[in-house]
Amino acid sequence: MQSLKDQSISLKFKQPLFLGGLIIISLLVAFGIAQLGIAFGVVFILLLLAIPLFLISLLNPQNGFLILTVYGYFLFLIGRLSPVDIPTGIGIEVVSSILFVGLLVKEFKVVGDRWRLFKNPVTYLLLVSETYNLVQGANPNSVSIAGWIVSLRGIVFTLILYFIVIKVFTDFNYVKRFTQLWLFLAVLAGLYGIYQEIFGYSDFEWRAIYANPKTFNLISVWSGIRKFSFLSDVAAFGLLMAFGGIFTTIMILGPYKPHIKVVLLICTLIMFAGMTYSGTRSATAMIPVGIVFYILLSLNNKVTIVFLGVSVIIFCAILFGPFYSPSIQRLKSTFSPSEDPSMQVRDRNRTAIQPYIYSHPIGGGVFTTNDIGHVYSPGHRLAGFQTDSGYLKTALEKGWIGLIIQLALYSVIMAIGISNYFKVRDPEIKIYYAAYMASFFALTVANFAQATTGQKPISLIFISIHALFPNMIKFDKPQIRARG
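Everything quoted here is computed from the prediction, not taken from an experiment.

Quick notes on the rules
- Residues numbered from 1 in each chain as written.
- Predicted model: local features only at pLDDT ≥ 70, side-chain atom pairs only at ≥ 80, totals over all residues.
- Heavy atoms only, no water.
- Helix = DSSP H or I, 4+ residues; strand = E, 2+ residues; numbered from the N terminus.
- Buried < 20%, exposed > 50% of the residue type's maximum accessible area, 1.4 Å probe, protein only.
- Core = buried A, V, L, I, M, F, W, Y, C linked by side-chain atoms within 4.5 Å.
- Contact = heavy atoms within 4.5 Å.
- pLDDT = per-residue confidence, 0-100.
- Salt bridge = Lys/Arg side-chain N within 4 Å of Asp/Glu carboxyl O.
- Expected span 1.5 Å × (residues − 1).
- Polar contact = N/O pair within 3.5 Å; in protein donor to acceptor, adjacent residues only side chain to side chain.
- Bend = angle between axes of the 7 residues up to and from the residue.
- Phe/Tyr/Trp six-rings, centres within 6.5 Å; stacked < 30°, edge-to-face > 60°.
- Lys NZ or Arg CZ within 6 Å of the ring centre and 35° of its normal.

## A closer look at the overall build of the chain
Stage number 1. When you go through the chain residue by residue, the secondary structure sums to 21 helices and two strands.
Stage number 2. Residues classed as buried in the chain amount to 46% of the 484 residues present.

As structure tokens, then:
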């Protein structure tokens with residue numbers, strides 16, 4: 001006998017009005033594709049997907065932020081698969097804006113101090129940083145205001161995203177859900193990078209590579225073809241793999257059952273393998289930096305001493321062992337910078353441009369360096385200068401004052417993280433602090449050699465850490481703290 005629910009569904013599909021509506025929509029879509037091309041069909045499908053996502057993000061911002069994280073991983077894959085050129089990057093800003101509106105609506109229902117979670121040094125320094133970016137519009141050293149106008153989009157996005165992460169991380173279970181999600185997606189990216197190494201790039205990926213000659217030159221090196229998985233480029237892929245690999249390496253030492261530690265070890269190996277195939281040297285350098293930081297953080301722990309010994313053995317085996325594959329050779333070259341011609345060129349460029357930094361305390365203006373400088377600041381002294389380093393880019397565009405503000409923000413985030421690490425008593429929250437701190441610190445150090453903090457999807461995790469370090473201690477169990 002058919003259930004009441006099945007009968008109800010059957011009746012709905014039999015209704016002439018329902019069927020007539022489907023037919024009309026199908027005809028309209030077919031007509032639109034015939035008149036406007038496949039682009040109309042792509043836009044229609046995206047809108048069809050966007051409506052339920054819009055409602056989820058508006059009604060449940062926590063789930064909306066998880067959707068935003070997933071989209072941050074796959075937006076470049078969507079762009080490569082699409083038969084038409086669609087601005088997938090703007091989707092992150094659209095979803096963030098929806099989340100922001102949803103959270104604001106909820107805020108009006110809150111009784112008491114709505115801004116309590118924002119009252120911390122990270123918020124204050126972030127506001128100083130973005131205010132400084134805002135006043136860059138009056139920088140007399142810039143030759144055009146076009147770059148500054150474009151930068152307003154980044155300023156608003158950063159502040160909105162910070163507001164979101166402060167408000168969605170309301171309990172430790174959600175922190176774990178978010179962490180498990182981005183780690184799962186990172187492992188997925190690592191597995192796809194390994195697939196690309198074994199089977200090569202697919203046709204749609206080669207089309208995207210050949211569409212930009214610079215992309216082909218970037219992935220083609222003496223060690224072979226570098227891999228970018230489904231992310232934007234090899235650098236973003238390598239940095240994410242190093243970040244995730246450091247995180248899971250430290251989580252293995254946490255208060256988890258053996259089978260969980262085995263899973264974490266497998267995830268670590270997958271991500272480190274993906275990092276190797278990306279051929280990103282700055283990502284490789286992140287690993288010893290993150291590991292050493294954790295060792296110094298927990299040196300009084302016996303497990304840490306064992307971990308130190310194992311790490312040294314593995315590092316020496318890779319560096320001096322008889323491994324001669326192209327990927328391993330490129331990895332080894334990370335620790336021989338004096339023998340790397342590209343590193344020598346970068347060092348000479350840094351030395352040559354230092355007088356400009358000293359004589360321009362507020363910099364030359366935003367979007368004046370690298371190739372984009374030719375677009376927004378044609379004729380500028382810095383246009384076309386390849387910064388490579390994220391800190392050098394800041395120093396040139398925003399001056400040494402801007403660099404001091406940036407470093408102060410990162411230092412305060414780390415100081416709060418370290419302080420709370422030693423205060424917290426819950427062993428799981430403590431290991432989360434340690435893992436996020438080691439990964440965050442390694443990423444900020446890698447910023448000396450490469451612009452690391454703005455790469456998607458890692459930028460979403462990076463800004464989340466701004467909220468996690470000051471507030472995660474609030475999830476500590478009071479009874480555990482009392483016993484401590």
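So that's the structure; there's more coming.
## With respect to the nonpolar core
If you look at soluble globular proteins, the nonpolar side chains tend to sit buried side by side.
Stage number 1. One finds Phe65, Phe169, Trp182, Tyr432, Tyr436 and Phe469 to be the most contacted residues of the largest nonpolar core, which totals 108 residues.
Stage number 2. Residues in contact with Trp182, not counting those within four places in the same chain, are Thr69, Tyr73, Phe243, Gly244, Phe247, Tyr436 and Ile461.
Stage number 3. Residues Tyr201, Ile209, Ile219 and Val234 belong to the second largest nonpolar core, which totals five residues.

## A word on the confidence of the model for the chain
Stage number 1. Confidence in the prediction of the chain, expressed as mean pLDDT, is 83, and 79% of residues score 70 or more.
Stage number 2. A low-confidence stretch, residues 479–484 (pLDDT under 50), is modelled with seven contacts involving residues beyond four sequence positions or located in other chains.

## Regarding the environment of Ile372
Stage number 1. On the secondary structure map, Ile372 appears in helix H17 (residues 372–376).
Stage number 2. Along the backbone, Ile372 and Gly147 are 225 residues apart, and their C-alpha atoms lie at a distance of 9.0 Å.

## Quick word on unusual backbone geometry
A negative phi angle characterises most non-glycine residues, just as the trans form characterises most peptide bonds.
Stage number 1. Omega for the peptide link from Lys456 to Pro457 comes to 5°, which places this bond in the cis form.
Stage number 2. Tracing the backbone shows Pro457 in the loop between helix H19 (427–446) and helix H20 (458–471).
Stage number 3. A positive phi is found at Phe367, a non-glycine position, where the angle reads about 55°.
Stage number 4. Mapped onto the secondary structure, Phe367 falls in the loop between helix H16 (341–359) and H17.
Stage number 5. Of note, Asn370 is a non-glycine position whose phi angle comes to about 60°, a positive value.
Stage number 6. Overall, Asn370 belongs to the buried group, its relative accessible area being 16%.

## Let's talk about the environment of Gln450
Stage number 1. Relative to the helices and strands, Gln450 is located in the loop between H19 and H20.
Stage number 2. Considered as a pair, Gln450 and Asp388 are 62 residues apart in the sequence and their alpha carbons are 5.0 Å apart.

## A few points about the pattern of salt bridges
Stage number 1. Scanning all chains against the criterion turns up five salt bridges.
Stage number 2. As a salt-bridge pair, Lys176 and Glu428 come within 3.6 Å of each other at their nearest N and O atoms. Of the two residues, Lys176 sits in helix H8 (residues 172–199) while Glu428 sits in helix H19, which places them 252 residues apart along the sequence. Each member of the pair, Lys176 as well as Glu428, carries the same accessibility label: buried.

## Notes on the side chain of His380
Stage number 1. Mapped onto the secondary structure, His380 falls in the loop between H17 and helix H18 (390–423).
Stage number 2. Setting aside chain neighbours within four positions, we find His380 in contact with Asn141, Ser142, Val143, Tyr356, Gly364 and Thr368.

## Things to note about H19
Stage number 1. An ideal rise of 1.5 Å per residue puts 28 Å on 20 residues; H19 measures up with 29 Å between its terminal C-alpha atoms.
Stage number 2. Capping of H19 at its N-terminal end is provided by Asp426; its side-chain oxygen lies 2.9 Å from the backbone amide nitrogen of Glu428.

## A look at the environment of His380
Stage number 1. When its relative accessible area of 7% is taken as the criterion, His380 is described as buried.
Stage number 2. Distance in space between the C-alpha atoms of His380 and Ser144 is 9.0 Å, their sequence separation being 236 residues.

## Observations concerning H18
Stage number 1. Along its 34 residues, H18 runs just 32 Å from first to last C-alpha, ending more than 12% under the 50 Å computed at 1.5 Å per residue.
Stage number 2. Remark: the principal bend of H18, roughly 130°, maps to Lys398.
Stage number 3. For H18, the side-chain oxygen to backbone nitrogen distance between the N-cap and Tyr391 is 3.2 Å, and the N-cap itself is Ser389.

## Notes on the packing of aromatic side chains
Stage number 1. Following the criterion strictly, the structure yields 32 aromatic pairs and no others.
Stage number 2. On the basis of an interplanar angle of 75° and a centroid distance of 5.1 Å, the ring pair of Phe100 and Phe163 is categorised as edge-to-face. With Phe100 in helix H5 (residues 90–107) and Phe163 in helix H7 (residues 146–168), the pair connects residues that are 63 residues apart, well separated along the chain.
Stage number 3. Overall, Phe163 belongs to the buried group, its relative accessible area being 7%.
Stage number 4. Here Tyr432 and Tyr436 contribute two aromatic rings whose centre-to-centre distance is 6.4 Å and whose plane-to-plane angle is 45°, an arrangement assigned as tilted. Of the two residues, Tyr432 and Tyr436 are both situated in helix H19; the distance of four residues between them amounts to about one turn of the helix. Each member of the pair, Tyr432 as well as Tyr436, carries the same accessibility label: buried.
Stage number 5. Grouping aromatic residues by their ring pairs yields a cluster made of Tyr391, Tyr410, Tyr433, Phe440, Phe448, Phe462 and Phe469.
Stage number 6. Above the plane of the ring of Tyr201 lies Lys227, whose end atom (NZ or CZ) is 5.9 Å from the centre.
Stage number 7. Of note, Lys430 hangs over the ring of Tyr421, and the distance from its end group to the ring centre comes to 4.4 Å.

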